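Geometric and topological summary
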Amino acid sequence: MSDSAVPVPPRLCDATLAGLPAHVARPAYDRARTRIGVVHFGPGAFHRAHQAVYLDAVLDADPAWAICAVSLHSPGVRDALRPQDGLYTLVLQGERPALRVVGSIRELLCAPQEPEAVLARLADRDVRLVTLTITEKGYCLSADGVDLAHPDIVHDLASPETPVSAPRSAIGWLVAGLRARRDRGFEPFTVLSCDNLADNGGRLRRAVLQFAAQLDPRLADWIETGVAFPRSMVDSITPASDDALRAWVAEQAGVVDAWPVQREPYTQWVVEDHFPHGRPPLERAGVVLSDDIAGYDRAKLRLLNAPHSALAYLGSLLEIDTVAAAMRDPALAGFVERLMRQDIVPTLKLPRGFDPDAYIDAILARFRNPAIAHRLAQIAWDGSQKIPVRLLGTIADALAAGRPIGRLCLPVTGWLHFVRRQARHGVPIVDPLADTLVRLGGAEAARGNAGDTANEAAGRATGEAAGGVDAFLALDAVFAPLSADERFVAALRRADAALGDASPAAVAAALAADGRA
């Protein structure tokens, strides 16, 4: 080795844990004393930055809740973290990044390659909780149960007890594990979905019961009687890991971490407290235990996601790139805060103990975090699906209560102008209704060509020519039944006219006018 060679740092693992720099936080418990009580399907970045961190925080109080992390498809996480004894680094990306080594994962398995080990762990009497972060697509759901035509479900139902043909679906694995426990005379585990889909526990329960009934009605009865599926809600922005993050962690910690994760400092986990066979002391780590998960979901949808969409469409029209940059625009930031406090909060039935002002303060701080480069263009995707649940429900509730809706309509018409701009410039629209939106936006954009009459041009400027708005309102998948409410149609036309030609100057003027109102 030459004198100029740079030594390679050692690998993060149990043996190197004690030698980490003092500024790197590490487990406050003896990992050797912990026992695996949780099996988690889908150990991607979000789980390792979220649920695994909460469990890491309770293992000093109760060592019975360490995690076996199971990948349903790729061995990547297992191969990266098994040589590290399951340890990895979490970077909290605030004004001053903070590092923490998380130790709650004690075992890593890849289901297609190690099916016997996965089944043995699911059948282990010490395991009392199975959690999942596999995205909505991973559940193979239908509208009211499981998608019996899904190839993975078809496979799992065709050969449920053949070792060479292990389950491919998460539901197949859940039922296989529960069957093994029943056959051994063990209590069932609790199943906790941690993916953000409405009524996640209820939908997963129905899917599991339907799947199990296809195999063995008596097993389905046993599951229905004894297995709990609590609902939950999770929230934290988790950017993807990259080589720059790995290099920075190696520099700061003095060890090589093959797969660190990062997230914003803010995190939230709300769980329905229904664990008949025991649970971790989650409240010690800041988990909110509530019987009103729907209320928290609704508050997040309307107070976080709706302002995100407002920033995305109005900020994009202002030619701003990220959420943090949008919040540096005083007029836009002021508009969003008024939208939250004056228009959205009055429409909400809030869960017991929920502090809306504190929640809004936390959201605004998150939006301003310069360390999280959340691109407005990405938030703007799939507007036809997001607008109805993020904004139109609030508008409907405000109308029912006799409240004004003008401010709420501005981001809705911001979406219309955003679609028109994308169509006019030939920029792809990422949306399930993309072809229809391109046609509508292109048709409306064509109205602005040099062949228009003076009356047509003046009509657009004053909002008298409502054809463009009305064409969009014909999208029943987005606007019905509100499109039949004259109050909404009139307010949307006024908002559309307020944005004028949707140039940055026109949008800025509309926001300034709202601030003076």
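Refer to the structure above for everything that follows.
Here, residues in each chain are numbered from 1, in the same order as that chain's written sequence. For this predicted model, a pLDDT threshold of at least 70 governs which residues receive local features, and a threshold of 80 or more governs which side-chain atom pairs are given and counted, while totals over whole chains, interfaces and linings are taken from all residues. Calculation of side-chain values draws on the structure's entire complement of heavy atoms; hydrogens and water are dropped beforehand.

**Quick word on the packing of aromatic side chains**
Note the cut-off: For Phe, Tyr and Trp, rings pair up if their centres lie within 6.5 Å, where Trp contributes its six-membered ring, and each pair is then called stacked (planes under 30 degrees apart), edge-to-face (over 60) or tilted (otherwise). Secondary structure counts use DSSP, requiring at least four H or I residues in a row for a helix and at least two E residues in a row for a strand, with both numbered from the N terminus. Exposed residues in this analysis have more than 50% of their type's maximum accessible area, buried residues have under 20%, and partly exposed residues fall in between, with area computed by a 1.4 Å probe over protein chains only. For a Lys NZ or an Arg CZ to count as sitting over a ring, it must be within 6 Å of the ring centre and within 35 degrees of the ring normal.
Enumeration according to the criterion identifies 7 aromatic pairs in this entry. Considering the side-chain rings of Trp-415 and Phe-479, the 6.4 Å spacing of their centres and the 45° angle between planes classify their relative orientation as tilted. Here Trp-415 is found in helix H17 (residues 406-425), whereas its partner Phe-479 is found in helix H21 (residues 476-479), with 64 residues between them in sequence. Take Trp-415: its relative accessible area is 1%, and that puts it in the buried class. A relative accessible area of 0% means that Phe-479 is categorised as buried. Ring plane angle 35° and centroid distance 6.2 Å describe the contact between Phe-479 and Phe-488, whose orientation is recorded as tilted. For Phe-488, a relative accessible area of 0% gives the class buried. Put simply, the rings of Trp-415, Phe-472, Phe-479 and Phe-488 touch in pairs and so form one group of aromatic residues. Between Arg-48 and the ring centre of Tyr-88, over which it is positioned, the NZ or CZ distance is 5.4 Å. Cation over ring: Arg-48 sits above Trp-259, and NZ or CZ is 5.1 Å from the ring centre.

**Section: the sheet that holds strand E1 (residues 24-25)**
As a reminder, the rule being used: For two strands to be treated as a pair, DSSP must find at least two bridges joining them. In this description, contact between two residues means that some pair of their heavy atoms is separated by no more than 4.5 Å. Only the stretch in contact is used when fitting a helix axis, every axis being a line fitted to C-alpha atoms; angles between N-to-C directions are given from 0 to 180 degrees.
In spatial order, the strands read E1-E5-E4-E10; together these 4 strands make up an open sheet with mixed pairing. Two strands close off the open sheet at either side, each with one partner strand: E1 and strand E10 (261-263). Along the sheet, helix H10 (residues 243-253) makes contact with E1, strand E4 (88-92), strand E5 (98-102) and E10, crossing E4 at roughly 100°.

**Some words on the sheet that holds strand E8 (residues 190-193)**
Within a sheet, adjacent strands bond to each other through the backbone by hydrogen bonds, running parallel or antiparallel. A sheet is described by the order of its strands in space; here 5 strands give the open sequence E6-E3-E2-E7-E8, paired in parallel fashion. Here the strands that pair on one side only, and so sit at the sheet edges, are strand E6 (105-110) and E8. Ignoring which end each strand starts from, the neighbouring axes of this sheet average 20° apart. Here strand E7 (residues 129-132) runs beside E8; their pairing, made up of 4 bridges, is parallel. By the bridge assignment, Val-130 is partnered in E8 with Val-191.

**Topic: unusual backbone geometry**
Going from Ala-480 to Pro-481, the amide bond is cis rather than trans, its omega being 5°. In this structure, Pro-481 sits in the loop between H21 and helix H22 (486-498). A positive phi angle, close to 55°, is found at Asp-199, a residue other than glycine. By the secondary structure assignment, Asp-199 is in the loop between E8 and helix H8 (200-215). Exposure remark for Asp-199: the relative accessible area of 28% places this residue in the partly exposed category.

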